[in-house]
Amino acid sequence: MSEDEITTVVRRWRDAAPERVLLDGFHAVKHALRFEADVRLAISSDKGSVLALADELADDLTHRIGDLVIEVPARTLRDLVPRVHPTQVAGLAVRPDLHRNLETLSRTPRPAPIVVLENPRNLGNVGAVVRLAAGFGATGVVTTGDMDPWHPNVVRAAAGLHYATAVESLPLDDLPPGPVYALDPEGDDIRSVVLPDDALLAFGSERHGISPELRKRATRLVALPMRPQVSSYNLATSVAMALFHWGGPPPAP
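Position numbers for residues count from 1 along each chain, tracking the sequence in the order it is written. Given that this is a predicted model, residues contribute local features only at a pLDDT of at least 70 and side-chain atom pairs are listed and counted only at 80 or more, while totals for whole chains, interfaces and linings are drawn from all residues. Values reported for side chains reflect all heavy atoms of the structure, with hydrogen atoms and water molecules removed beforehand.

Remarks on the environment of Arg34
Turning to step 1, where the next piece is worked out: Assignment of secondary structure puts Arg34 in helix H2 (residues 26-34).
Turning to step 2, where the next piece is worked out: Each residue gets one of three labels from its accessible area relative to the maximum for its type: buried under 20%, exposed over 50%, partly exposed in between, using a 1.4 Å probe on protein chains only. With relative accessibility at 34%, the residue Arg34 sits in the partly exposed group.
Turning to step 3, where the next piece is worked out: Separated by 50 residues in sequence, Arg34 and Val84 place their C-alpha atoms 22 Å apart.
Turning to step 4, where the next piece is worked out: In what follows, residue pairs with any heavy atoms lying within 4.5 Å of each other are defined as contacts. Sequence-distant contacts of Arg34, that is, excluding residues within four places in its chain, are made with Leu57, Ala58, Asp60 and Leu61. Strands here are runs of E lasting at least two residues and helices are runs of H or I lasting at least four, both read from the DSSP assignment and numbered beginning at the N terminus.

Printed below as a string of structure tokens:
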């Protein structure tokens, strides 16, 4: 690659980056492409390794990744991406349309619950929840508070699976319609409760739990089984347990 070509790629990246979602690593790029993200640009310092990964893990995308990824010197990748992923590839994608996501979240009846995270603080935990929601087929993930659920660290932790579900931040007063099942130690054992498909499964912070405002809005409080003297579960673990319970027993063979 000539210096002029490198300069062009750098300019394209820097012009696009402020308005785009950073796809950090092979799995983020792979998942974004699989779930129809508009990926505008992708760069790697070792395109051959990226294509080898595609052949091994996503051979349905090998040609698309080959056409998309531009190889740049390692120093250029380090200059453009704050923390280079071990797979040495990154991309920039268009964030899903807000109105389309809000329509998805508000549409009823829903085939699967929405996960609500009240004022989460840990970016990695939020990313893990998005990944869980995508895997379980949840309708979406809604956060309240000032954290951006599309922060690059969240997208990295979610491996790009934001594009497999609807992820947005909303005020508590603007939650989508549906009964609110809030996780709380004082609630009914979740194993005795049938969680409806249109439920909002609401989780507070690990330290403080749900707020009085959310408690007041709750249709029902439910609790995860927990051994006495154990303080709490990790947020993503709690979400996984609740979604697993909602999904019910496996289908009969």
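More follows now that the structure is in view.
A short note on helix H7 (residues 123-136)
Turning to step 1, where the next piece is worked out: Any helix carries an expected span of 1.5 Å times its number of residues minus one. The end-to-end C-alpha distance of H7 is 20 Å, a good match for the 20 Å that 14 residues give at a rise of 1.5 Å each.
Turning to step 2, where the next piece is worked out: Taken as a whole, H7 has its buried residues at Asn125, Val126, Gly127, Val129, Val130, Ala133 and Ala134.
Turning to step 3, where the next piece is worked out: The first or second residue beyond H7 is Gly137, which carries a positive phi of 75 degrees.

A word on the nonpolar core
Turning to step 1, where the next piece is worked out: Leu23, Leu117 and Phe203 are the most contacted members of the largest nonpolar core, which totals 51 residues.
Turning to step 2, where the next piece is worked out: Examining the composition of this core, we find that 6 residues originate from one element, helix H10 (residues 235-247), more than from any other.
Turning to step 3, where the next piece is worked out: Discounting chain neighbours no more than four positions away, the residues touching Leu23 are Ala28, Val29, Ala32, Val39, Val89, Ala90, Gly91, Ala93, Val155 and Tyr163.
Turning to step 4, where the next piece is worked out: Put simply, buried Ala, Val, Leu, Ile, Met, Phe, Trp, Tyr and Cys residues joined by side-chain atoms within 4.5 Å make one nonpolar core. Core analysis: the next-biggest nonpolar cluster, separate from the first, contains 15 residues, Val142, Val180, Ala202 and Ala218 among them.

Digging into the sheet that holds strand S1 (residues 21-24)
Turning to step 1, where the next piece is worked out: The 4 strands are arranged S1-S4-S2-S3 in an open sheet whose pairing can be described as mixed. Sheet topology places S1 and strand S3 (69-71) at the edges, where each strand pairs with a single neighbour. On average, each strand axis in the sheet is tilted by 25 degrees relative to the strand beside it, whichever way the strands run.
Turning to step 2, where the next piece is worked out: Two strands form a pair only when DSSP identifies at least two bridges running between them. Bridge analysis of S1 against strand S4 (residues 89-93) gives 4 bridges, and the strand direction is antiparallel. For Asp24, the partnering residue across the bridge sits in S4 and is Ala90.
Turning to step 3, where the next piece is worked out: Relative to strand S2 (residues 39-44), helix H1 (residues 3-16) is tilted by about 130 degrees, and along the sheet it contacts S1, S2, S3 and S4. To define axes, lines are fitted to C-alpha atoms, for helices over the stretch in contact only, and angles between the resulting N-to-C directions are given on a 0 to 180 degree scale.

As for the environment of Leu105
Turning to step 1, where the next piece is worked out: Tracing the sequence through the fold places Leu105 in helix H6 (residues 98-106).
Turning to step 2, where the next piece is worked out: The sequence separation of Leu105 and Leu170 amounts to 65 residues, and the corresponding C-alpha distance is 11 Å.
Turning to step 3, where the next piece is worked out: Once residues within four sequence positions are removed from consideration, Leu105 is found in contact with Arg110, Ile114, Thr139, Gly140, Val142, Ala166, Glu168 and Pro176.

What to know about the pairing of strand S5 (residues 114-117)
If a strand is regular, its side chains alternate between the two faces of the sheet.
Turning to step 1, where the next piece is worked out: Covered by surrounding structure in S5 are Ile114 and Val116 together with Val115 and Leu117, the residues of both alternating faces.
Turning to step 2, where the next piece is worked out: Sheet topology places S5 next to strand S6 (residues 140-143); 4 bridges connect them, and they run parallel. By the bridge assignment, Leu117 is partnered in S6 with Thr143.
Turning to step 3, where the next piece is worked out: The sheet contact formed by S5 and strand S9 (residues 200-203) spans 4 bridges and is parallel. Paired with Leu117 across the strands is Phe203, a residue of S9.

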